[in-house]
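# Coordinates in review
The chain contents come next:
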Amino acid sequence: MVLFDFSEKSDLSDWTIINDGVMGGKSQSTLTLDAEGNGLFKGLISLENSGGFCSVRHRMDKTSVKGYEKIALRIKGDGKRYQVRIRAQQDDYYAYIAYFETSGDWQTVEIPLKEMYPSFRGQKLNNPNFNSDAIEEIAFLIGNKKTEAFQLRIDKILLK
């Protein structure tokens, strides 16, 4: 099942940038469409003022994940490590996260939903891994504890 398929006609209005500025940081990022219609999440991480992360999230109607075991990401990164994050409910204070490495080439990253663990403000919570029947949000985050430019192209986000 397709959660989001970027194209030249994609509406990005349900995607929101959330950077470390919410806590005084100076990191900056954007989500745009590149010439091929891929989502392009890029920016600059700054450690100034105790900052250090950029993220973009997509809120959606409650989407059943029954019968699906993995999130599959068709992405092209820059060789850096990123997080994919999901929320079972938009108003949950925590997200379920998994890290993935990018190669610099187009790749499909598959992440088992049951391996995504709950985290809040960078701290793993003592709660069970993802076991919900639905999700209402998906997000990408970069925060590798260093000042760096980043660029992640996103083609598709699927459930498998």
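The structure we're discussing is the one just above.
Residues numbered from 1 in each chain as written. Predicted model: local features only at pLDDT ≥ 70, side-chain atom pairs only at ≥ 80, totals over all residues. Heavy atoms only, no water.

Moving on, we come to the overall build of the protein chain. Assigned secondary structure in the protein chain consists of 0 helices and 13 strands. A globule of 160 residues ought to have a C-alpha radius of gyration of about 15 Å, and the protein chain, at 15 Å, matches this closely. When its C-alpha atoms are laid out on the principal axes, the protein chain stretches across 40 × 40 × 30 Å. A burial count over the protein chain gives 48% of its 160 residues as buried. For the protein chain, restricting intrachain contacts to residue pairs at least 6 apart in sequence, the fraction spanning at least 24 positions comes to 71%. Approximately 8400 Å² of the protein chain is accessible, and the part contributed by carbon and sulfur atoms is 44%. Treating the 22 positive side-chain charges of the protein chain as one cloud and the 22 negative ones as another, the clouds have centres 4 Å apart. (Helix = DSSP H or I, 4+ residues; strand = E, 2+ residues; numbered from the N terminus. Rg over C-alpha atoms; globule rule 2.2 N^0.38 Å. Buried < 20%, exposed > 50% of the residue type's maximum accessible area, 1.4 Å probe, protein only. Contact = heavy atoms within 4.5 Å. Areas by Shrake-Rupley, 256 points an atom, 1.4 Å probe, with all protein chains shown as cover. Lys, Arg positive; Asp, Glu negative; His and termini not counted. Charge placed at Lys NZ, Arg CZ, Asp CG, Glu CD.)

For the rest of this paragraph, the subject is the pairing of strand β5 (residues 54–64). A regular strand carries its side chains on alternate faces of the sheet. Across 5 bridges, strand β2 (residues 15–19) lies against β5 in antiparallel orientation. Bridge assignment links T16 to a residue of β5, and that residue is R57. Where β5 lies against strand β12 (residues 134–142), 8 bridges are found, and the strand directions are antiparallel. Bridging across to β12, V56 finds its partner in F140. (Pairing = 2+ DSSP bridges.)

Scanning the entire structure with this criterion turns up 7 salt bridges. Put simply, K70 and E110 hold a salt bridge, and the shortest N to O gap is 3.3 Å. Note that K70 is positioned in strand β6 (residues 70–76) and E110 in strand β9 (residues 106–112), a separation of 40 residues in sequence. Under the relative-accessibility criterion, K70 is labelled partly exposed at 29%. For K160, the salt bridge is made with E110, and the minimal N-O distance between the two is 2.9 Å. Here K160 is found in the segment after β13 (148–159), whereas its partner E110 is found in strand β9, with 50 residues between them in sequence. Among the residues examined, E110 registers a relative accessible area of 36% and is labelled partly exposed. Each member of the salt-bridge network shares a partner with another, and the members are R57, R59, R87 and E137. (Salt bridge = Lys/Arg side-chain N within 4 Å of Asp/Glu carboxyl O.)

This part is about the side chain of S119. Within the element layout of this structure, S119 appears in strand β10 (residues 117–120). Within the structure, the side chain of S119 is placed 3.3 Å from the backbone oxygen of Q123, a separation counted as a polar contact. Apart from residues lying up to four places away in sequence, S119 is in contact with Y94, A95, I97, K124 and L125. (Polar contact = N/O pair within 3.5 Å; in protein donor to acceptor, adjacent residues only side chain to side chain.)

Examined against the element boundaries, G52 turns out to sit in the loop between β4 (39–45) and β5. Along the chain, G52 and N144 lie 92 residues apart, while their C-alpha atoms are 7.4 Å from each other. Dropping the residues within four chain positions of it, G52 is found in contact with D20, S27, I45, S46, L47, I142, G143 and N144.

This part covers the sheet that holds β12. Here 7 strands make up an open sheet; going across it, the order is β2-β5-β12-β7-β8-β10-β11 and the pairing antiparallel. Single-partner strands in this sheet number two, and they are β2 and β11 (123–124). Pairing geometry for strand β8 (residues 95–101) and β10, over 3 bridges, is antiparallel. The residue bridging Y96 from the neighbouring strand is P118, located in β10.

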